[in-house]
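Structure assessment
Residues per chain, in single letters:
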Amino acid sequence: MKKIYLVGLAFALLTASCDDVLEKTSSTQLPTIDAIYSVADLTNAVNGVYEKQATEVGSYGAEFTLLADLRSGDFQSISTVNHAGPMYRYQTGKNDEMVYSFYKLFYNSLARLNNVLAAAENLEGADVDILKGELYAMRALYHFDLARVFAKLPSTTDMNDLGIVLSTEVYPTDYIGTRATLQQTYDQILKDIETALPLLSKDKQTGHINYWGALAIRARAYLYLEKNKEALADCKEIIASSPYKLYTRDEYIGAWDKEGTNEAIFEILVTPNYNAQRNSIGYFTHASGYGECAATESFLEELAKHPGDIRTELFAKETDNGYDGTYPQKYKGRDGQIYVNNPKVVRLSEVYLIAAEAALKAGDTSAAAGYMNTLRKNRIENYTDVASITLDDILLERRLELFTEGHTAWDAWRNGKSVNNKFVGEVKPGDYRTIMAIPIGEITVSRGQLIQNPGYYSFIHKYLLILEDVPLHHG
């Protein structure tokens with residue numbers, strides 16, 4: 001296969017902290033990469049890497065966390081303000097601003113991260129090692145999520161199919177990268193996690209990835225790769241040895257506007273002064289905001305089948321701005337500030353659900369039921385254990401537990417199942433729309449050498465590919 005080129009992204013680094021430094025220090029006083037001489041400087045720089053994913057359009061603190069839910073059959077855009085709505089309606093083509101925002105933000109984050117990591121090589125000490133471990137773990141996470149958006153899921157194609165452009169070092173501004181295969185993409189994700197684990201702390205670190213967060217990210221990647229025994233092993237270690245505990249029924253409703261809760265293995269800090277404003281997850285998920293992420297009638301019908309399940313109480317009817325609907329209540333905001341919600345990127349509940357799915361697929365049905373029973377006892381009043389479960393049971397449990405946390409559509413597609421989106425109807429796992437287009441600007445700047453994802457080709461790009469005898473479809 002020909003090499004596919006993409007002009008590398010190089011962005012200025014704003015090494016701001018999203019905690020104390022952001023609240024107390026002017027951006028003009030923050031250290032540049034060339035001025036990282038101490039652990040304190042490095043800490044501020046690492047915090048700046050996290051901050052980008054709390055405040056920018058397309059970040060975890062904004063649209064990215066809602067993408068997989070809006071593309072599923074469980075949520076819909078009530079209003080027509082058209083910020084998150086095009087994601088719900090599958091109208092994010094190669095010219096779409098949101099597609100560009102995802103692409104730009106994650107590569108921008110990687111460019112910043114790699115610069116900080118390079119600066120960290122000049123420092124030594126246990127604290128430095130921990131910070132480096134966080135950077136490697138974040139690099140794995142960002143590549144993983146880029147792959148979910150812009151490449152086929154491993155279970156739906158051959159691993160020699162196209163992955164993403166990898167960003168693993170500091171590049172010159174005129175650098176042209178190659179689009180890796182899917183195998184190379186996931187190999188890099190696992191390699192970075194493997195590098196991170198021995199460096200990371202096992203203590204709770206609110207707002208930072210620790211050892212358990214990196215292990216959970218690897219378990220998630222293993223599940224996508226259908227490496228079920230490996231995913232289960234990581235989950236068993238987290239469940240047995242980490243400091244995290246499942247929310248009880250009494251804790252569940254009040255856990256969402258708090259920081260450092262029992263289940264939050266990795267959350268990104270958002271503050272009243274540093275947040276995504278009207279692009280924040282809270283603003284999208286309430287009628288008083290944009291009203292673009294309300295439950296569908298079919299999901300409400302499903303919720304009604306689960307009396308006594310505390311999770312069904314995290315929905316409420318809202319009528320502000322005429323955006324009448326039933327909205328999720330996970331992102332009401334701390335102290336009533338709708339913009340201020342920490343996205344919980346990894347929770348212990350997900351680890352239990354990964355364990356259940358991995359155990360079932362590995363043939364241990366009893367263990368799979370055990371993980372589900374433990375979770376359900378903490379959610380459902382007067383719950384009675386079940387002896388066995390099915391894959392459909394697990395996927396439904398994931399919908400009930402992890403709604404608006406960034407999983408639903410991908411969970412269906414990676415398991416060979418369709419989603420029934422209210423606006424466009426059935427979207428099968430092989431549908432080209434399950435993957436977003438590479439932004440047309442990136443195709444243009446690569447002089448046509450970057451192969452677009454199937455279904456999004458322009459006429460001139462098709463013509464160039466035919467001339468160069470490059471197949472239009474792979475895998």
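Throughout what follows, the structure given in this document is the object of discussion. All residue numbers refer to positions counted from 1 along the written sequence of the respective chain. Local features in this predicted model are restricted to residues whose pLDDT is 70 or higher, and side-chain atom pairs enter the listing and the counts only when it is 80 or higher, whereas totals over whole chains, interfaces and linings include all residues. The side-chain quantities take in all heavy atoms of the structure and omit both hydrogens and water.

Moving on to the overall build of the protein. Helix numbering and strand numbering both begin at the N terminus, where a helix is a DSSP run of H or I of at least 4 residues and a strand a DSSP run of E of at least 2. Each helix and strand in the protein was counted, giving 18 helices and 11 strands. Two residues qualify as a contact provided that any one of their heavy atoms is within 4.5 Å of a heavy atom in the partner residue. Excluding contacts between residues fewer than 6 apart, the proportion of contacts in the protein whose partners are at least 24 apart in sequence is 71%. Note on areas: these come from Shrake-Rupley sampling with a 1.4 Å probe, and a residue is covered only by the protein chains present in the view. Entry remark: accessible area of the protein is about 18,300 Å², with carbon and sulfur atoms responsible for 47%.

Turning our attention to the side chain of N228. Residue placement: N228 occurs in helix 9 (residues 228-241). In this structure N228 touches L223, A358, K361 and A362, once residues within four positions along its chain are discounted.

A few words on the packing of helix 5 (residues 97-120) against helix 6 (residues 126-150). Angles run from 0 to 180 degrees between N-to-C directions of axes, and those axes are lines fitted to C-alpha atoms, restricted for helices to the stretch in contact. Relative to each other, helix 5 and helix 6 sit at 160 degrees, their axes nearing to 10 Å. What the angle tells us is that helix 5 and helix 6 run roughly antiparallel. Of the two possible hands of crossing, helix 5 and helix 6 adopt the one that is left-handed. Only V128, K132, L135, Y136, M138, R139, Y142, H143, D145, L146 and F150 of helix 6 make contact with helix 5, whose side of the interface consists of V99, F102, Y103, F106, Y107, S109, L110, L113, N114, V116, L117 and A120. Across the contact of helix 5 with helix 6, the residue classes break down as 17 nonpolar, three polar and three charged. Angles are sorted into four bins: roughly parallel if under 35 degrees, roughly antiparallel if over 145, roughly perpendicular if 65 to 115, and oblique for all others. Crossing chirality is assigned from the near helix's rotation relative to the far helix, an anticlockwise turn below a right angle marking it left-handed and a clockwise turn marking it right-handed. We call Asp, Glu, Lys and Arg charged. Ala, Val, Leu, Ile, Met, Phe, Trp, Tyr, Cys and Pro are nonpolar, and the rest, Gly among them, are polar.

Our next topic: the layout of surface pockets. Put simply, the largest pocket is a space of about 410 Å³. Buriedness for pockets is judged along seven lines, at least five of which must meet protein on both sides within 12 Å for an open set on the 1 Å grid over protein atoms alone, while cavities are sets there where a 1.4 Å probe fits but cannot get out, and lining residues have an atom within 4 Å of a point. Along the walls of the largest pocket sit 19 residues, with D74, R399, T408, A412 and S418 positioned nearest its centre. Elements that contribute at least two residues to the lining of the largest pocket include exactly helix 12 (297-303), helix 15 (391-402), helix 16 (408-414) and strand 10 (419-421). In terms of residue count, the dominant contributor to the lining of the largest pocket is helix 15 (six residues). Grid points are joined across faces, edges and corners, and a volume is the space filled by probe spheres set on the points.

Pairing of aromatic side chains requires ring centres within 6.5 Å, counting the rings of Phe and Tyr and the six-membered ring of Trp. Pairs whose planes differ by under 30 degrees are stacked, by over 60 edge-to-face, and all others tilted. As enumerated under the stated definition, the model contains 27 aromatic pairs in all. With centroids separated by 6.0 Å and ring planes inclined at 55 degrees, the aromatic side chains of Y50 and F266 adopt a geometry described as tilted. In this pair, Y50 is assigned in helix 2 (residues 39-55) and F266 in strand 5 (residues 264-267), connecting sequence segments 216 residues apart. Residue exposure (1.4 Å probe, protein chains only): buried if accessible area is under 20% of the type maximum, exposed if over 50%, otherwise partly exposed. On the basis of relative accessibility, which here comes to 2%, the residue F266 falls in the buried class. Grouped by ring-pair contacts, the aromatic residues Y60, F64, F102, F106, Y142 and W410 constitute a single cluster. A positively charged side chain is recorded as over a ring if its NZ (Lys) or CZ (Arg) lies within 6 Å of the ring centre. The angle to the ring normal must also be within 35 degrees. Its end group placed over the ring of F403, K330 keeps NZ or CZ at 3.8 Å from the ring centre.

The next subject is the pattern of salt bridges. When a carboxyl oxygen of Asp or Glu is within 4 Å of a side-chain nitrogen of Lys or Arg, the pair counts as a salt bridge. Taken as a whole and judged by the stated rule, the model has 30 salt bridges. A salt bridge links E263 to R379; the shortest N-O distance between them is 2.7 Å. With E263 in the loop between helix 10 (249-252) and strand 5 and R379 in the loop between helix 14 (365-377) and helix 15, the pair connects residues that are 116 residues apart, well separated along the chain. We note a salt bridge from R347 to E405, for which the minimum N-O separation is 2.7 Å. Of this pair, R347 sits in strand 9 (residues 344-347) while E405 sits in the loop between helix 15 and helix 16, placing them 58 residues apart in sequence. Here R347 falls in the buried class, since its relative accessible area comes to 1%.

Let us now look at the side chain of S167. Looking at the element boundaries, S167 is found in the loop between strand 3 (162-165) and strand 4 (176-181). For S167, a relative accessible area of 7% translates into the label buried. Side-chain polar atoms of S167 contact the side chain of N114, separated by 3.1 Å. As used in this structure description, the phrase polar contact means that two N or O atoms lie within 3.5 Å; if the pair is within protein, one of them must be able to donate a hydrogen and the other to accept it, and residues adjacent in sequence are counted only when both atoms belong to side chains.

This next bit is on helix 7 (residues 182-196). Each full turn of the α-helix corresponds to 3.6 residues, which orients residues three or four apart in the same direction. Spanning 15 residues, helix 7 covers 21 Å between terminal C-alpha atoms, matching the ideal 21 Å at 1.5 Å per step. Those residues of helix 7 not exposed but buried are L182, T185, Y186, Q188, I189, L190, D192, I193 and A196. Lining the buried residues of helix 7 we find helix 6, strand 3, strand 4 and helix 8 (211-224). What a helix should span is 1.5 Å times the count of its residues minus one.

Positive phi, close to 65 degrees, is recorded for N82, a residue that is not glycine. Following the sequence through the fold, N82 ends up in the loop between strand 2 (75-76) and helix 4 (85-88). Of the residues examined, N82 reaches a relative accessible area of 43% and is grouped as partly exposed. With phi around 60 degrees, N321 is a residue other than glycine that occupies positive phi space. Tracing the sequence through the fold places N321 in the loop between strand 7 (315-318) and strand 8 (325-328). N321 sits in the exposed class, given a relative accessible area of 53%.

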